[in-house]
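Each chain, written out:
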Amino acid sequence: MPKPVVAIVGRPNVGKSTLFNKLIGTRLSIVDDTPGVTRDRIYGDCEWLGHKFLLVDTGGIEPYSNDVILSQMRSQAQIAIETADVIILVTDIRCGVVASDQDVANMLQKSGKPIVLCVNKCDKIGSPDPEFYEFYNLGLGEPFGVSSIHGLGTGDLLDEVVSYFPENAEDDDVDDDIINVAIIGKPNVGKSSLVNRISGTNRAIVSDIAGTTRDTTDTYIENAYGKFNFIDTAGLRRKSRVNDEIEKYSIIRARMAVERANVCVIMIDATEGFTEQDSKVAGIAIEQGKACIIAVNKWDAIEKDGNTMKEYRDKLAIDFSFMSYAPIMFISAQTGQRIDKLYEMITFVHSQNSMRISTGKLNEILGMATARVQPPTDKGKRLKIYYMTQASTRPPTFVFFVNNAELFHFSYQRYLENQIREVFGLDGTPVRFIVRERGEGKK
């Protein structure tokens, strides 16, 4: 059976994200005093008393708000509630029971799911404040006093949560066939629209307000092309514009999303073309050795003639010359244009990033390459490359054993990289070189 799902819900600014972070042990969710900071659903693995489950943080529920963002937050929370096995309703002892708490409680009771009532911000040790007992009026049974900042009472809360799990609930086996795909790019290039098109549902909040997605969200897809987990990320802004805590956390999480990914889809806006931000986004993926695809979105919005795509591709080849190995695709998240081809390309570049080449074949290519272009010399000393081998994959990493590492100039490394790519492909993936002098100890 799959892991049980536990959703944390409640009105805005009662401490849901702080509780979420405390329970999973990492700062994955944004925590801020601004109501409505957490917008999309966020998932995190959690374990208690041997029970593994998926914890879901949600945006605050405002039952009667007409605000476009708050309305979509309510829809996102409703989706989390529908998919949850157990629901934690978070309230605030400092505010007492307010009308919104009762409205949310009534909504949750209609779901028919087990509900655990959490009264947050009970920071005192000992007997609860008199205000604590009014939470019985919500009709959800015994409330659990918790201080999500200090972790007080979280053990009793989790004891109650796991008591509702089926006895045979087990976590899924790890599936190595799943390709984790991070969709990255500057704000408002259509990342969330692509996720929604891929999944066929309104998985992430989509609006034309730049920066709407502040949290990373996961979407699992299984189809004829394979198994994929798409990670939608907040748009990365220039650091000079990152002047509040919310945006800082978003960038940190976007970097974490790239770390989790096998493949990065770097989305750029066809109507704007290449920008400095696009190069910085790509740089994050390169630093971490991820397979990459450059996806030019909103291609349907471009007026075309017979040479438009070629001219655009040629210009991007210059703009992205620092990652010339990355394939370029022209897509439309709005119309679904070439989305099927995107699946194929993701699978292909993932296989290239995971490629392992035998030592014998590598040294055969090395021998031909060094015979064609002699290794460099300096002050009468010539570089000797004794042999090379592949040390690891993701990205493919090659170790060269030489007589003098200083003679192995960057230009000659680039030449050998091109020779290796010419024979073995390695499309869509960076490669790494490690140079060791003969007799140098293993690192």
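Up top you'll find the structure we're talking about.
Keep in mind the model is a prediction, meaning the values are calculated, not measured. (Residues numbered from 1 in each chain as written. Predicted model: local features only at pLDDT ≥ 70, side-chain atom pairs only at ≥ 80, totals over all residues. Heavy atoms only, no water.)

Caption draft 1: Fine view of the overall build of the protein chain. Each helix and strand counted, the protein chain has eleven helices and 17 strands in total. In the protein chain, of all internal contacts separated by at least 6 residues, the share reaching a separation of at least 24 is 72%. With an accessible surface of roughly 20,800 Å², the protein chain has 48% of that area assigned to carbon and sulfur atoms. (Helix = DSSP H or I, 4+ residues; strand = E, 2+ residues; numbered from the N terminus. Contact = heavy atoms within 4.5 Å. Areas by Shrake-Rupley, 256 points an atom, 1.4 Å probe, with all protein chains shown as cover.)

Caption draft 2: Here's a closer look at the pattern of salt bridges. For the coordinates displayed, the defined rule picks out ten salt bridges. With a shortest N-O distance of 3.4 Å, Lys-280 and Glu-276 are connected by a salt bridge. With Lys-280 and Glu-276 both in helix H7 (residues 276–287), this residue pair falls four residues apart, about one helical turn. Arg-421 is paired through a salt bridge with Glu-417; the nearest N and O atoms lie 3.0 Å apart. Of the two residues, Arg-421 and Glu-417 are both situated in helix H11 (residues 410–424); the distance of four residues between them amounts to about one turn of the helix. A relative accessible area of 14% means that Arg-421 is categorised as buried. A residue is classified by how much of its surface remains accessible, and Glu-417, at 17% relative accessible area, is buried. What emerges from the salt-bridge pattern is a single network uniting Arg-414, Glu-417 and Arg-421. (Salt bridge = Lys/Arg side-chain N within 4 Å of Asp/Glu carboxyl O. Buried < 20%, exposed > 50% of the residue type's maximum accessible area, 1.4 Å probe, protein only.)

Caption draft 3: Structural view of the environment of Val-14. Within the secondary structure layout, Val-14 lies in the loop between strand E1 (5–9) and helix H1 (16–24). Overall, Val-14 belongs to the buried group, its relative accessible area being 0%. Linking Val-14 and Asp-92, residues 78 residues apart in sequence, is a C-alpha distance of 5.3 Å.

Caption draft 4: Molecular detail of unusual backbone geometry. For the bond running from Arg-394 to Pro-395, omega is 0 degrees, close enough to zero to count as cis. By the secondary structure assignment, Pro-395 is in the loop between strand E15 (385–392) and strand E16 (397–402). With a phi close to 70 degrees, Asn-13 is a non-glycine residue in the positive phi region. Summarising the element assignment, Asn-13 is placed in the loop between E1 and H1. When its relative accessible area of 36% is taken as the criterion, Asn-13 is described as partly exposed. Located in the positive-phi region is Asn-188, a residue other than glycine, with phi close to 65 degrees. Inspection of the secondary structure puts Asn-188 in the loop between strand E7 (178–184) and helix H5 (191–199). Judged by relative accessible area, Asn-188 falls into the partly exposed class, the value being 35%.

All we've got here are geometric facts, nothing functional implied.
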